[in-house]
Structures are given as C-alpha cells and as structure tokens.
Amino acid sequence: MVTVSDTQVTWLTQEAYDRLKHELDELIENRPVIAAKINDSREEGDLKENGGYHAAREEQGQAEARIRQLQELLRAAKVGEAPPNDGTAEPGKILTVRYEGDDEDEKFLLATREEGAEGELDVYSPESPLGKALLGAKEGETREYDLPNGRTQKVKLIKAVPYTG
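We now turn to the structure provided with this report. (Residues numbered from 1 in each chain as written. Predicted model: local features only at pLDDT ≥ 70, side-chain atom pairs only at ≥ 80, totals over all residues. Heavy atoms only, no water.)

1. Points about the overall build of the chain
Next, step 1: The secondary structure content of the chain amounts to five helices and seven strands.
Next, step 2: Ordering the α and β elements of the chain from the N terminus gives β-α-α-α-β-β-β-α-β-α-β-β.
Next, step 3: A total of 165 residues make up the chain; the buried ones form 35% of that total.
Next, step 4: Restricting to contacts in the chain with at least 6 residues of sequence separation, those with at least 24 account for 54%. (Helix = DSSP H or I, 4+ residues; strand = E, 2+ residues; numbered from the N terminus. Buried < 20%, exposed > 50% of the residue type's maximum accessible area, 1.4 Å probe, protein only. Contact = heavy atoms within 4.5 Å.)

2. So, helix H2 (residues 31-42)
Next, step 1: Counted at 1.5 Å a residue, the expected span for H2 with its 12 residues is 16 Å, and the 17 Å between its end C-alpha atoms agrees.
Next, step 2: Inspection of H2 places Ile34, Ile38 and Ser41 among the buried residues, and these make up the whole buried set. Across the axial projection of H2, the buried residues extend over an arc of 70°, all falling on one side.
Next, step 3: In this fold, the buried residues of H2 make contact with helix H3 (51-75). (Expected span 1.5 Å × (residues − 1). Arc of directions from axis to C-beta.)

3. What about the side chain of threonine 96?
Next, step 1: Looking at the secondary structure, you find threonine 96 in strand S3 (residues 93-99).
Next, step 2: The exposure class of threonine 96 is buried, given its relative accessible area of 11%.

4. So, the pairing of strand S4 (residues 106-110)
Next, step 1: Note: S3 against S4, five bridges, orientation antiparallel. When the bridges of S4 are listed, isoleucine 94 appears paired with leucine 109.
Next, step 2: Bridge count between S4 and strand S5 (residues 122-124): three bridges; the pairing is parallel. Bridging across to S5, leucine 109 finds its partner in valine 123. (Pairing = 2+ DSSP bridges.)

5. Describing the side chain of lysine 93
Next, step 1: Its location among the elements puts lysine 93 in strand S3.
Next, step 2: Here aspartate 86 takes part through its side chain, which lies 2.6 Å from a polar atom of the side chain of lysine 93. (Polar contact = N/O pair within 3.5 Å; in protein donor to acceptor, adjacent residues only side chain to side chain.)

That is the geometry; function is a separate question.
Here it is in structure tokens:
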C-alpha cells in the first residue's frame, strides 16, 4: 500500500486490501469489548488511581485512531492496479539502486510499511529522504539526498518495476 498526497492514489494488491479490511473489521467488532473494559474499570472506584481504566481508555484511543487510518486508506485505494511499467520510480514499485561508492545493488519496495508487511523486501516510504529523492527518477538517473549526519549521498536508479505482491 502506498499513502500519497491528494493528487495521487493509494495502490493496494488484493491481498494487502483483504488483510487491511480484515484488520479494520476486527477492530470495529472489538469496540464493545473495549467499552465494557472501560465501564468495568470505572465501577472500581477512584479514576485517578485506576490503572485499568486508564489502560482501557488508552487502548480505545489507539484502536479508534487505527480505525480512522484504515477507513481513510481503504476508501482511497485502487485494488489490484499496478502502476505502469515505465521505468519511473514511484510508489508501488520495486526499485533497484546503487549507492555511490558501493559495488552492489540494493532492492526495495517504495511504499508504506503496510503494503510490504508480509514480504521479504525492505520497504522505504515515499516520504523518506531516499524515497523523496528517487520519486520521478528514470532508470539510469542519479539523484542525491541528505543523510542524518549532514552528508549528501548519491544514488543511481538501476531499475523500477511494478510490485505484484
């Protein structure tokens, strides 16, 4: 899956869509369980010293945030439609790159963690410094980006192919 700006689309394999939809359904089904925990804990007395109550409220907040995130993501998703195989670095593609000074290529998926969660490939976000530098690059093109230590790293896009999951 790829989360992108308003002008772009979220692309998901059918498998990733099904996995995220299942997670969303489970979270929604679990709402009454969390609400019951909160009510049970509330009845135990003083809320200031009630760790169970605060833990249940925290769990509810995290679950609701994840529900909102998944609903938004799935609402904007295009399922099973791979990006074009045009040799351009963009979300939903497996990129093969070579860093300046290295002899070996590195392969990774340009996407968010959810899309690549089940796979063997490393996943780099389009919002990461490397992802931002490579977005829109054509095969053979060299780009550079800033490292956390303040240095600049050059990276060459060797290949960009659609991720098929």
